Amino acid sequence: MGEILIRSAEVVVTMDGARRELKGSDLLLRDGQIAAVGPGLESMGEVVEAKGCVVTPGLVNTHHHLYQTLTRAVPGGQDALLFGWLQTLYPIWAKMGPEEIRVSAQVGLAELALTGCTTSSDHLYMYPNGARLEDTIHAAAELGLRFHPTRGAMSIGESDGGLPPDSLVEREEAILNDCIRIVDAFHDPNEGSMCRVGIAPCSPFSVSRELMRDAALLARDKCVMLHTHLAENDEDISYSLEQFGCRPGQYAEDLGWTGEDVWHAHCVKLDAGEIDLFARTQTGVAHCPCSNCRLGSGIAPVRQMRDAGVKVALGVDGSASNDAGSLIGEARMAMLLQRVQNGADAMAAREALEIATLGGAQVLGRPDCGILAPGKRADVAIWDVSGLEAAGAWDPVAALVLCGPPKVKHLFVEGRQVVRDGQVVTIDLPRVIETQNRLASALMG
């Protein structure tokens with residue numbers, strides 16, 4: 001792969017143990033890893049000028065539903081709460097197939113890349129018309145992002161008292177068998193892995209208690225991570241109390257869904273006891289502030305979580321409930337919401353940036369990512385702060401969260417350039433967008 005020298009950055013934000021910010025510094029990438037960080041580095045390889053730029057670790061997205069990029073701004077779901085929103089969109093999603101899943105993943109991942117993301121998870125929990133998880137895995141490999149796909153599932157349909165239509169649910173035996181197939185075929189546990197698979201029943205209200213328990217047992221047997229939605233809004237809490245006789249945190253603990261190999265999306269309504277449980281067990285949280293606002297779910301207690309020692313990361317969530325996919329935008333929203341809830345000093349821009357980088361890597365169990373230091377993976381975002389958005393900014397690092405720019409100038413994943421001069425260079429993005437628009441039009445019909 002050779003060497004790439006990123007030269008003369010205004011600031012290199014390392015996110016190392018000392019949280020060093022190195023002014024006028026360089027970054028040397030070699031064979032997919034960071035070889036050196038510091039001033040005056042030299043290389044016979046490619047040189048990328050970073051004058052006027054802030055260099056950060058690549059951002060890490062820990063919750064997404066990539067297929068939803070085909071259903072942005074759907075009129076029937078624009079002003080609905082979570083359960084009504086789902087009931088509006090399920091029949092549309094049921095029309096999708098392999099091409100829709102693959103192309104929507106390309107679009108969603110490209111959007112993430114342009115906003116500084118080098119690693120993304122995805123929660124795919126429905127497989128209509130022959131769609132499979134590898135439709136997204138192949139899309140991520142082509143684009144070049146580090147990928148944590150999760151094999152989601154729904155097993156309780158409308159006829160059994162669930163929310164999804166029966167056509168979108170699967171038999172639980174088939175779900176578990178396909179989890180085994182996917183893990184065996186695609187999961188790479190090694191350092192520097194570009195694909196790690198997780199097991200992810202959709203939510204406590206769309207699968208049985210038995211599937212939640214069996215999924216946890218399977219994940220531990222296969223040494224992969226677990227993911228689901230939890231405590232997303234008041235409806236979610238009420239459902240848990242009525243159906244299970246306990247709060248979501250207790251339900252999760254009873255079924256093996258706490259621990260350092262588990263992360264839950266949203267967690268807007270965790271109470272103090274559940275926060276303590278997550279801190280004690282090192283259970284991770286994917287905070288999705290824009291989606292939570294869009295669906296009126298509330299403000300997650302991120303300040304309280306972090307103060308208690310809970311691992312917190314960011315997620316853009318699906319584009320049917322966001323409706324964008326900007327990870328740097330999520331960092332800004334996370335900071336602003338904590339200030340609304342707890343005061344203007346509740347979260348600084350640098351803490352939001354830490355959650356978006358190092359925090360995401362920690363939640364996904366990736367000590368090899370999220371830090372710019374020798375030996376770590378060469379996942380690097382380069383932000384041009386010499387332009388309009390940051391004009392007049394006194395603090396270029398804080399400017400990334402407070403004012404912009406909203407997109408990266410360059411992006412490297414495993415030392416491979418994915419974005420150059422603000423353009424995705426690994427796929428023919430205009431052609432992909434054209435295909436996406438054609439598929440969306442067909443769904444409308």
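Residues numbered from 1 in each chain as written. Predicted model: local features only at pLDDT ≥ 70, side-chain atom pairs only at ≥ 80, totals over all residues. Heavy atoms only, no water.

Heads up, the rule is: UniProt positions are given in the numbering used here, feature names are shortened, and annotations may be inferred rather than shown by experiment.
As annotated in an unreviewed UniProt entry, the protein chain is 8-oxoguanine deaminase from Thioclava nitratireducens. A UniProt comment under Sequence similarities (unreviewed entry) is attached to the protein chain, and it reads "Belongs to the metallo-dependent hydrolases superfamily. ATZ/TRZ family."

1. As for helix 4 (residues 172-186)
Where we set the bar: Only DSSP runs of H or I covering at least 4 residues are called helices, and only runs of E covering at least 2 are called strands; the numbering of each starts at the N terminus. Multiplying 1.5 Å by the helix residue count minus one yields the expected span of that helix. Buried means the residue's accessible area, taken with a 1.4 Å probe over protein chains only, is under 20% of the maximum for its type, while exposed means over 50%, and partly exposed covers the values in between. Summarising the geometry, the arc corresponds to the directions from the helix axis toward the C-beta atoms. Contacts are assigned to residue pairs that have any heavy atoms within 4.5 Å of one another.
When the terminal C-alpha atoms of helix 4 are compared, their 21 Å separation across 15 residues agrees well with the 21 Å that a helix rising 1.5 Å per residue should span. For helix 4, every residue scored as buried is listed here: Ile-175, Leu-176, Asp-178, Cys-179, Ile-182 and Val-183. Taken down its axis, helix 4 places every buried residue within 165° of arc, on the same side. Summarising the geometry of helix 4, the exposed residues directed more than 90 degrees from the buried face are Glu-173, Asp-184 and Ala-185. Elements in contact with the buried residues of helix 4: helix 3 (134-143), strand 8 (146-153), strand 9 (198-201) and helix 5 (209-222).

2. A look at the pattern of salt bridges
As a reminder, the rule being used: Salt bridges are identified by distance alone: a Lys or Arg side-chain nitrogen within 4 Å of an Asp or Glu carboxyl oxygen.
In the structure shown here, the tally under the stated rule is 31 salt bridges. Glu-351 serves as the salt-bridge partner of Arg-303, at 2.8 Å between the closest nitrogen and oxygen. Of this pair, Arg-303 sits in helix 10 (residues 302-308) while Glu-351 sits in helix 12 (residues 349-363), and the two are 48 residues apart along the sequence. You'll find Arg-303 and Glu-351 in the same group, each marked buried. For Arg-350, the salt bridge identified is with Asp-395, shortest N-O distance 2.8 Å. A residue pair is termed long-range when its members are at least 10 positions apart, and Arg-350 in helix 12 and Asp-395 in the loop between strand 14 (380-384) and helix 13 (396-402) qualify at 45 residues. Of the residues examined, Asp-395 reaches a relative accessible area of 29% and is grouped as partly exposed. If you follow the salt bridges from partner to partner, you end up with Arg-19, Arg-303, Arg-306, Asp-307, Glu-351 and Glu-354 in one network.

3. Examining empty space enclosed by the protein
To be explicit about the condition: Grid spacing is 1 Å over the protein atoms alone, the probe is 1.4 Å, and a cavity is where that probe fits but cannot get out, while a pocket is an open set with protein on both sides within 12 Å along at least five of seven lines and lining residues have an atom within 4 Å of a point. Grid points are joined across faces, edges and corners, and a volume is the space filled by probe spheres set on the points. Ten residue types, Ala, Val, Leu, Ile, Met, Phe, Trp, Tyr, Cys and Pro, are classed as nonpolar, four, Asp, Glu, Lys and Arg, as charged, and the remainder, Gly among them, as polar.
For the structure on display, the rule yields three cavities of 30 Å³ or more. Considered as a void within the structure, the largest cavity measures approximately 140 Å³ in volume. Lining the largest cavity are 16 residues, with Leu-82, Trp-85, Leu-86, His-229 and Glu-232 positioned closest to its centre. Residue contributions to the lining of the largest cavity peak at four residues, all from helix 1 (residues 82-93). Broken down by class, the residue content of the lining of the largest cavity amounts to eight nonpolar, six polar and two charged. Volume-wise, the second largest cavity comes out at about 40 Å³. Every residue lining the second largest cavity is listed: Pro-204, Phe-205, Leu-230, Asp-236, Tyr-239, Ser-240, Phe-244, Pro-248 and Tyr-251. At the level of elements, helix 6 (234-244) and helix 7 (248-254) are the ones that each hand at least two residues to the lining of the second largest cavity. Residues of the lining of the second largest cavity, tallied by class, amount to seven nonpolar, one polar and one charged.

4. A look at the packing of helix 3 against helix 4
Counted only if it meets this: Fitted lines through C-alpha atoms serve as axes, helices being fitted only where they are in contact, and the angles separating the N-to-C directions of these axes extend from 0 to 180 degrees. Orientation labels follow simple angle bins: below 35 degrees gives roughly parallel, above 145 gives roughly antiparallel, 65 to 115 gives roughly perpendicular, and whatever is left gives oblique. Crossings are assigned a handedness: left-handed for a near helix turned anticlockwise from the far helix by less than a right angle, right-handed for a clockwise turn.
In the contact formed by helix 3 and helix 4, the axes pass within 12 Å of each other and the chain directions differ by 20°. In terms of their interaxial angle, helix 3 and helix 4 are classed as roughly parallel. Like other packed secondary-structure pairs, helix 3 and helix 4 cross with a definite hand, here right-handed. On helix 4, the residues touching Glu-134, Ile-137 and His-138 of helix 3 are Arg-181, Ile-182 and Phe-186. Taken together, the residues of the contact of helix 3 with helix 4 sort by class into three nonpolar, one polar and two charged.

5. Here we look at unusual backbone geometry
Cis geometry is found at the peptide bond from Asn-322 to Asp-323, where omega equals 0°. Of note, Asp-317 is a non-glycine position whose phi angle comes to about 65°, a positive value.

6. Concerning the UniProt feature "domain: Amidohydrolase-related" (unreviewed entry) in the protein chain
In the UniProt entry, the feature "domain: Amidohydrolase-related" (unreviewed entry) is given for residues 54-418. The annotated region residues 54-418 carries 40% helix and 16% strand content, and the separation between its end C-alpha atoms amounts to 18 Å.

7. Section: the environment of Val-12
Considering the arrangement of structural elements, one finds Val-12 in strand 1 (residues 3-13). Owing to a relative accessible area of 1%, Val-12 belongs among the buried residues under this scheme. Each C-alpha atom, one on Val-12 and one on Pro-57, is 8.9 Å from the other, the two residues being 45 residues apart in sequence. In contact with Val-12, other than residues within four places in its own chain, are Arg-20, Glu-21, Leu-22, Ser-25, Val-37, Val-55 and Leu-372.

8. Here we look at the pairing of strand 9
We count it as follows: Two strands pair if DSSP finds at least two bridges between them. Whether a crossover is right-handed comes down to one check: with the strands pointing away from the viewer, does the path from the first strand over the helix to the second run clockwise; if it does, it is right-handed.
Because side chains alternate across strand 9, one face comprises the buried residues Gly-198 and Ala-200, and the other comprises Ile-199 and Pro-201, equally buried. Bridging between strand 8 and strand 9 involves four bridges; their strand directions are parallel. Paired with Gly-152 across the bridge in strand 9 is Ala-200. This β-α-β element, strand 8 to helix 4 to strand 9, shows right-handed connectivity. One ladder, built from two bridges, connects strand 9 with strand 10 (residues 225-230); its direction is parallel.

9. What about the packing of aromatic side chains?
Inclusion rule: Ring geometry is summarised as follows: Phe, Tyr and Trp rings, the Trp one being its six-membered ring, pair when their centres sit within 6.5 Å, and such pairs are stacked at plane angles under 30 degrees, edge-to-face over 60 and tilted between the two. Think of it as a cone above the ring: NZ of Lys or CZ of Arg counts as a charge over the ring if it is within 6 Å of the ring centre and within 35 degrees of the ring normal.
Scanning the model with the defined rule gives eight aromatic pairs in all. With a centroid separation of 6.0 Å and 70° between ring planes, the pair formed by Phe-205 and Tyr-239 is classed as edge-to-face. You can see Phe-205 sitting in the loop between strand 9 and helix 5 and its partner Tyr-239 sitting in helix 6, a full 34 residues away along the chain. Exposure remark for Phe-205: the relative accessible area of 6% places this residue in the buried category. Plain terms: the ring middles of Tyr-239 and Phe-244 are 5.9 Å apart, the flat faces sit at 75° to each other, and that makes the pair edge-to-face. Cluster of aromatic residues (ring-pair linked, three or more members): Tyr-67, Trp-85, Tyr-90, Trp-93 and Tyr-125. Between the NZ or CZ atom of Arg-151 and the centre of the ring of Tyr-127, over which it lies, the distance is 4.2 Å.

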